[in-house]
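# Chains, contacts and geometry: an overview
So the chains spell out like this:
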Amino acid sequence: MPVINRIAGLHETMTGWRRHLHAHPEIAFDCVGTAAFVAARLREIGVDEIHEGIAKTGIVALIEGQGPGPVVGLRADMDALPMTEETGVAHASEVPGAMHACGHDGHTAMLLGAAAYLAETRSFRGKVALIFQPAEEDGGGAGVMVEEGVMDRFDIAEVYALHNAPGLALGQVLTTPGPIMAAVDEFTIHIEGRGGHGAMPHETADPIPAAVSMVQAIQTIVSRNHYALDDLVVSVTQIHAGTTNNVIPGGAMINGTVRTFDKGVQTMVIRRMEEIVAGQAASFGVSATLDYEIGYPATINDAARAEFAAEVAAEVVGEGLVDGHSGREMGAEDFAYMLEARPGAYLFVGAGPGAGLHNTRYDFNDDLLPIGASLLARLAERALPVGG
């Protein structure tokens, strides 16, 4: 059961939708034009209900099947990134400083394509809830939609999402039972010393040696404070201090990210960071504060739904292109909030060769549109079989 013929026939239409969205990117919750475009297409498609203004610009649309049954949710993210596009394509971003560098334009177009097919054929029972979500990249729009009650309001029983994966063979599908993406936290350390002349360091409380020592000590959290087989990443990504060569600055800043799967590991990292910051500050005669911000939780697939999703993917792209036990990665995804609220699965779908995600030269591969739309549609049909 390969790509659905009716959806293959929508390839040109989906490409047009996708390229329009690509040229008009919007960031975080400010997906006003994007949501209006999606709602207009949904009205043309003929879905049964459209609910707008969820999490500011999110949409949930419902398609009714053949008789009563449960509700399956299919989610697409709509937001872009604050980046300047360098692709040179005809449909490149027309918005300075914003671009679809993660393929959410393609995700939205795929879900619209699946919606067009499902609304036309209705070869399922129950209902399909189409979830168009803002602010995946920044703001946790999925969490806001859950907090605003979408799962209960629309009685969603299970939920699925796809993400394109440049570098994987076109149509290759990866998923796994249990954790598939990590929790993501952010930390910032502010160091206050006493500045002065670079030739007279004895008259200062230099924040730079303190910052360097803190960074070195933070690296020992992974190597010396946790069990080696528990996945953990602690990365310092920014250090800022000073303005010129002969002035010892009065302060410094350190920033970074932490990726975990286990809440116990996360708690340990926070404790050790607090101890390191306080201890190193005292030893160098400076003051320091740690701001630790807990972000998206780990994305955890329901085991049974992940197995089911892999089976459906094999029907669409062939068994040879599906790995249902692909393992987990240290990236993060706010679909985690939806999987905390309801069982479901998250899948990566190969987009073929090309620039990677979050790259100024990235562009979604439109050849993936009928594959992804077919997979979304089949997930709904198989989860809601007529006569089941």
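Predicted model only: the values in this text are computed from it and were never measured.

Basis of the calculations
Residues numbered from 1 in each chain as written. Predicted model: local features only at pLDDT ≥ 70, side-chain atom pairs only at ≥ 80, totals over all residues. Heavy atoms only, no water. Helix = DSSP H or I, 4+ residues; strand = E, 2+ residues; numbered from the N terminus. Rg over C-alpha atoms; globule rule 2.2 N^0.38 Å. Buried < 20%, exposed > 50% of the residue type's maximum accessible area, 1.4 Å probe, protein only. Contact = heavy atoms within 4.5 Å. Areas by Shrake-Rupley, 256 points an atom, 1.4 Å probe, with all protein chains shown as cover. Lys, Arg positive; Asp, Glu negative; His and termini not counted. Charge placed at Lys NZ, Arg CZ, Asp CG, Glu CD. Pairing = 2+ DSSP bridges. Axes fitted to C-alpha atoms, helices over the stretch in contact; angles between N-to-C directions. Core = buried A, V, L, I, M, F, W, Y, C linked by side-chain atoms within 4.5 Å. Parallel < 35°, antiparallel > 145°, perpendicular 65-115°, else oblique. Left-handed = near helix turned anticlockwise from the far one by under 90°. Nonpolar A, V, L, I, M, F, W, Y, C, P; charged D, E, K, R; others polar. Phe/Tyr/Trp six-rings, centres within 6.5 Å; stacked < 30°, edge-to-face > 60°. Disulfide = S-S within 2.5 Å.

Our next topic: the overall build of the chain. The helix and strand inventory of the chain stands at eleven helices and 16 strands. For the chain, the C-alpha radius of gyration of 24 Å lies close to 21 Å, the compact-globule estimate for 388 residues. Its C-alpha atoms give the chain principal-axis dimensions of roughly 80 × 45 × 40 Å. Taking all 388 residues of the chain together, the buried fraction comes to 53%. Sequence separation of at least 24 residues holds for 83% of the intrachain contacts in the chain that already meet a minimum separation of 6. For the chain, the accessible area works out to roughly 15700 Å², and carbon and sulfur atoms hold 51% of it. Across the chain, the centroid of the 23 positively charged side chains sits 3 Å from that of the 49 negatively charged ones.

In this section: the side chain of Thr-260. Summarising the element assignment, Thr-260 is placed in strand 12 (residues 251-260). Beyond its immediate sequence surroundings of up to four residues, Thr-260 is in contact with Ala-182, Ala-183, Asp-231, Leu-232, Val-265, Gln-266, Ala-298 and Met-330.

The next point concerns the sheet that holds strand 12. Spatial ordering of the open sheet is given by 10-12-8-13, a layout of four strands whose pairing is antiparallel. A strand with exactly one partner marks an edge of an open sheet, and here the two such strands are strand 10 (232-241) and strand 13 (287-294). When strand polarity is set aside, the average angle formed by the axes of neighbouring strands in this sheet is 15 degrees. Bridge count for strand 8 (residues 183-192) against strand 12 is ten bridges, and the pairing is antiparallel. For Ile-189, the partnering residue across the bridge sits in strand 12 and is Ile-254. Contacts between helix 7 (residues 207-224) and the sheet are confined to strand 8, strand 10, strand 12 and strand 13, with strand 10 contributing the most and set at about 170 degrees to the helix.

A few words on the nonpolar core. Leu-42, Leu-74, Leu-118, Leu-130, Phe-132 and Leu-375 are the most contacted members of the largest nonpolar core, which has 64 residues in total. Element by element, the count of residues in this core is highest for helix 4 (residues 104-121), at ten residues. Every residue in contact with Leu-118, bar those within four places of it in the chain, is listed here: Ile-63, Leu-74, Phe-124, Val-128, Ala-377, Ala-380 and Glu-381. Core analysis: the next-biggest nonpolar cluster, separate from the first, contains 26 residues, Ala-210, Ile-221, Ala-252 and Met-273 among them.

Between helix 4 and helix 11 (residues 369-383), the shortest axis-to-axis distance is 8 Å and the interhelical angle comes to 50 degrees. Comparing the axis directions of helix 4 and helix 11 gives the class oblique. Note on packing geometry: the crossing formed by helix 4 with helix 11 is right-handed. Contacts from Gly-106, Ala-109, Met-110, Leu-111, Gly-113, Ala-114, Tyr-117, Leu-118 and Thr-121 in helix 4 reach Leu-369, Gly-372, Ala-373, Leu-376, Ala-377, Arg-378, Ala-380 and Glu-381 in helix 11. A per-class count over the contact of helix 4 with helix 11 returns eleven nonpolar, four polar and two charged.

Now for the packing of aromatic side chains. How two aromatic rings sit relative to each other is given by the distance of their centres and the angle of their planes. Counted according to the given criterion, the structure contains four aromatic pairs. Judged by centre distance (6.1 Å) and plane angle (55 degrees), the ring pair of Tyr-160 and Phe-308 falls under tilted. A residue pair is termed long-range when its members are at least 10 positions apart, and Tyr-160 in strand 5 (residues 156-165) and Phe-308 in helix 9 (residues 303-317) qualify at 148 residues. Judged by relative accessible area, which is 0%, Tyr-160 ranks as buried. Of the residues examined, Phe-308 reaches a relative accessible area of 15% and is grouped as buried. Look at Phe-335 and Tyr-346: their rings are 5.8 Å apart centre to centre, the planes differ by 35 degrees, and that puts the pair in the tilted class. With a gap of eleven residues between them, Phe-335 in helix 10 (residues 335-341) and Tyr-346 in strand 16 (residues 344-350) connect regions that are remote in the sequence.

Moving on: unusual backbone geometry. You will see that Ala-28, though not glycine, has its phi angle at about 55 degrees, which is positive. Checked against the element boundaries, Ala-28 lands in the loop between helix 2 (11-23) and helix 3 (32-45). One non-glycine residue, His-358, lies in positive phi territory at about 60 degrees.

Here we come to the state of the cysteines. Counted under the stated rule, the structure contains zero disulfides. With no disulfide of its own, Cys-31 lies closest to Cys-102 among cysteine sulfurs, the gap being 13 Å. What makes Cys-102 buried here is its relative accessible area of 7%.

As a further point, take the sheet that holds strand 1 (residues 49-54). Within the open sheet, the eight strands sit side by side as 1-2-4-3-5-16-6-15. Their pairing is mixed. Edge positions in the sheet fall to strand 1 and strand 15 (322-323), since each of these pairs with one other strand and no more. Examined bridge by bridge, strand 6 (residues 173-174) and strand 16 share two bridges and lie antiparallel to one another. By the bridge assignment, Val-173 is partnered in strand 16 with Val-349.

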